[in-house]
Amino acid sequence: MAARDVTAQYVLRVVRDAYPTFPALKRFVVSPDVETLWNRYEGYKQGREPLPGMAYVCQSFIEKVLARGRPNAAQKYHIEPEVLGTLGNLHTHLGDLTSRRKLEHERDRHEPPLTPSEIVWMDAAVRMLIRRVGEYAADPTTFWPTLSMHDLPPL
């Protein structure tokens, strides 16, 4: 007796009395400010702008334009001052000539490139700040949990 190939096609349907509820979505608004910040971030991701320069512009926009100072930004957006201080230090003082935002001395010519952990941290910090600006735009009266160094990758 010869072997034969047999194929079959089945359709399986799962019917439930009720489906799980969706998790509560965080409130977020793509305000003009969020769009401005995101456009700068996308410029970095597309290679049009170095990470330190993009991080500087985003942080400066939040601190100087939206909050009138770093302490006000920390309070308004519920961000630990250490997060803003660390981001400011990284984008101002680190990187080589291809990425460094600020050159102050001849010795700056010989600085090493950003480390992978510094790149990951700055990228995550900027995205976290953009998210918080969008959350705040959705509801400025909500008491948002404070964003801290623990919310970011290790440096």
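See the structure shown above.
Attention here is on the structure that accompanies the text.

A closer look at the side chain of Glu135
Item 1. Relative to the elements of secondary structure, Glu135 occurs in helix 5 (residues 116–138).
Item 2. Here the side chain of Glu135 touches Arg132 through a polar contact of 2.7 Å, side chain to side chain.

Comments concerning the pattern of salt bridges
Item 1. One pass over the structure, following the stated rule, counts seven salt bridges.
Item 2. Between Arg70 and Glu63 there is a salt bridge, and its shortest N-O distance comes to 2.9 Å.
Item 3. In this structure, the salt-bridge partner of Asp123 is Arg127, at a minimum N-O distance of 2.7 Å. Here Asp123 and its partner Arg127 are both found in helix 5, four residues apart, which amounts to about one turn of the helix.

Structural notes on helix 4 (residues 81–93)
Item 1. Under the 1.5 Å per step criterion, the end-to-end length of helix 4 is 18 Å for 13 residues, consistent within 8% with the ideal 18 Å.
Item 2. Buried within helix 4 we find Val83, Leu84, Thr86, Leu87, Gly88, Leu90, His91 and Thr92.
Item 3. Contacts made by the buried residues of helix 4 are with helix 2 (51–66), helix 3 (70–77) and helix 5.
Item 4. Gly95 sits one or two positions beyond helix 4 and adopts a positive phi of about 115°.

Topic: the nonpolar core
Item 1. Judged by nonpolar contacts, the single largest core of 32 residues is most densely connected at Ile62 and Met122.
Item 2. The set of elements that each furnish at least two residues to this core consists of helix 1 (32–45), helix 2, helix 3, helix 4 and helix 5.
Item 3. The greatest single-element share of this core, amounting to nine residues, is contributed by helix 5.
Item 4. Leave out the neighbours within four places in its chain, and Ile62 touches Leu37, Ala67, Ala73, Tyr77, Leu129 and Val133.

A word on the packing of aromatic side chains
Item 1. Taken as a whole and judged by the stated rule, the model has three aromatic pairs.
Item 2. Seen in terms of ring centroids, Trp38 and Tyr41 are 4.9 Å apart; in terms of plane orientation they differ by 35°. Their pairing is tilted. Placement of both Trp38 and Tyr41 in helix 1 is noted, with a separation of three residues, approximately one turn of the helix.
Item 3. Look at Trp38 and you get partly exposed, because its relative accessible area is 35%.
Item 4. By relative accessible area, Tyr41 is classed as buried at 4%.
Item 5. A network of ring pairs unites the aromatic residues Trp38, Tyr41 and Tyr44 as a single cluster.

Each value, and the rule that gives it
Residues numbered from 1 in each chain as written. Predicted model: local features only at pLDDT ≥ 70, side-chain atom pairs only at ≥ 80, totals over all residues. Heavy atoms only, no water. Helix = DSSP H or I, 4+ residues; strand = E, 2+ residues; numbered from the N terminus. Polar contact = N/O pair within 3.5 Å; in protein donor to acceptor, adjacent residues only side chain to side chain. Salt bridge = Lys/Arg side-chain N within 4 Å of Asp/Glu carboxyl O. Expected span 1.5 Å × (residues − 1). Buried < 20%, exposed > 50% of the residue type's maximum accessible area, 1.4 Å probe, protein only. Contact = heavy atoms within 4.5 Å. Core = buried A, V, L, I, M, F, W, Y, C linked by side-chain atoms within 4.5 Å. Phe/Tyr/Trp six-rings, centres within 6.5 Å; stacked < 30°, edge-to-face > 60°.

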